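Structural characterization, general
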Amino acid sequence: MAMAMAKNVSRGNLGLGARLMSTSGWWKTVEPAPKDPILGVTEAYLADTHPGKINVGVGAYRDDNGKPVVLQCVREAECRVAGKEFMEYLPMGGSAKMVEESLKLAYGENAEVLKDKRVAAVQALSGTGACRLFAEFQKRFRPESQIYIPVPTWANHHNIWRDAQVPQRTFHYYQPETRGLDFAAFMDDVKNAPNGSFFLLHACAHNPTGVDPTEEQWKELSYQFKVKNHFPFFDMAYQGFASGDTERDAKAIRIFLEDGHQIACAQSFAKNMGLYGQRVGCLSVVCDDASQAVAVKSQLQLIARPMYSNPPVHGALLVSTILSDPDLKSLWHKEVKVMADRIIGMREALRGNLEKLGSALSWKHVTEQIGMFCYSGMTPEQVDRLTSEFHIYLTRNGRIREVNCKVKKGVIKFKGEMGSSWSSEGAIGDAGHGMSIEVVRLALETSLGDGVSDGDATIGGDELIDGDGVIGED
Ligand SMILES: Cc1ncc(COP(=O)(O)O)c(C=O)c1O
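First things first, this report covers the structure right here in the doc. (Residues numbered from 1 in each chain as written. Predicted model: local features only at pLDDT ≥ 70, side-chain atom pairs only at ≥ 80, totals over all residues.)

1. Some words on the sheet that holds strand β3 (residues 147-151)
If you walk across this open sheet you meet the seven strands as β2-β10-β9-β8-β7-β3-β4, and the pairing is mixed. Whereas interior strands pair on both sides, the edge strands pair on one side only; in this sheet they are β2 (119-125) and β4 (168-172). Between one strand axis and the next, the sheet turns by 25° as a mean value, whatever way the strands run. Note that β3 and strand β7 (residues 198-202) share two bridges and pair parallel. Looking at the pairing, Ile147 lines up with Phe198 of β7. (Pairing = 2+ DSSP bridges. Helix = DSSP H or I, 4+ residues; strand = E, 2+ residues; numbered from the N terminus. Axes fitted to C-alpha atoms, helices over the stretch in contact; angles between N-to-C directions.)

2. Remarks on the pairing of β4
In terms of strand pairing, β3 meets β4 through five bridges, oriented parallel. Following the sheet pairing, Val151 is matched in β4 by His172. Between the parallel elements β3 and β4, the chain passes through helix α7 (residues 156-163) in a crossover that is right-handed. (Right-handed = clockwise from strand over helix to strand, strands pointing away.)

3. Some thoughts on the pairing of strand β10 (residues 280-286)
Counting buried residues in β10 gives seven out of seven residues, a clear majority hidden from the surface. Alternating positions in β10 separate into two faces, Val280, Cys282, Ser284 and Val286 on one and Gly281, Leu283 and Val285 on the other, with burial throughout. Pairing geometry for β2 and β10, over seven bridges, is antiparallel. Pairing of Gln123 across the sheet is with Cys282, part of β10. (Buried ≥ 20, exposed ≤ 12 C-beta atoms within 10 Å, placed from the backbone.)

4. Side note on unusual backbone geometry
Residues Val151 and Pro152 are joined by a peptide bond in cis, for which omega reads 0°. Note the cis peptide between Asn207 and Pro208, where omega equals 15°. Here Pro208 shows up in the loop between β7 and α9 (215-228). Even without being glycine, Gln165 reaches a positive phi, approximately 60°. The topology assignment puts Gln165 in the loop between α7 and β4. Backbone geometry places His391, a non-glycine residue, at a positive phi of 60°. Residue classification places His391 among the partly exposed residues on the basis of 19 C-beta atoms within 10 Å.

Shown next as structure tokens:
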């Protein structure tokens, strides 16, 4: 009897299930989303079965073997916090200690605005989250405003301000002919924008071009921003990663502060502390006075609350532990410098290799640009060809992450084996600004460090795979 009832119940449930199943088709209008231009590169790379494939699109620092790096200061901080902390929620604004230390890093240990408590700041979900919070704040409190974004920029900037429904305008930044800054056009755009416009500025190591204004140019910009009463929003995703010196990389911010601008700043600890997946960042907004800062902070928290309630605790704990301990902080400064210097060294070696290989093109820009990326100047079509014919993966804007570059015996061997093919092919770009695809291939192959001993490039392999699948990058 009991069994019969159970059968009926389960049949009844099945019947209900079948009826529920019949109301299908909820999402039939949903099309696959377009691939992210940066993350899509990794997907394509992983799907390629060619043994010689190379991924230079990844926007994360790698060691000589193409492996992710965890800084010693981070390991030490992990040991110090392990087992000692609770896992309680952080407040909506995140870790007060982490925020305080982040502000000192961005604004300067003795910044007047910090002494006056004029800075509203919250912990954010890394640099992306900080930008997103600000875009939302801008929309809410300056609904009539637009955002001026450099051309080019990190692709996600467009998504962020689009989703916050802030209209976007662009300003001139990069000049393909010189592969440098188009300062005159940049200044013209600043002058011609309506008074009180919002501008997104990369504080240092502009992504993807690696082209930054000089100190003098920042001063001129700051002056012009004052004249026009523009709002400077600084995205600082690479403090310390550009020059190796966190103070030097904050120079643009300091210049604007000195001139009395009320800036906002998005900070990320993804690259400079290697905390990519921990999602630690900070958003700060300079206000008129302390009471306005309290109000602005409360509104930032109100935006965060329905989105993610409060930020994650572990990464923030690592950052505050490192920045508040003099020994760990000094170790961190050393490690940041090692990473930055290594990247600068790779740039020199890449340029040197290209010149040694007999390229007639100018490679000055490789060493003049700064930061993790080399904006090669390749066209999307050249990139497509690199990928389809040579299994070299990078974003279609020609951005290459610096890879280790040593001049080895192999270079000669490469040249001997393949020299005729690249030299006869010549430059395939426009007006001499393109590069020989074979030169790039050789440069990249010979820049792979110890793993390379013959014509088959061996880098890549599983550099982006971990136990759980794909490691992301930006
Ligand atoms: C210019 C710029 N801003 C922000 C970010 C955001 O990085 P994350 O959210 O990992 O801190 C990046 C990452 O590549 C970037 O290049």
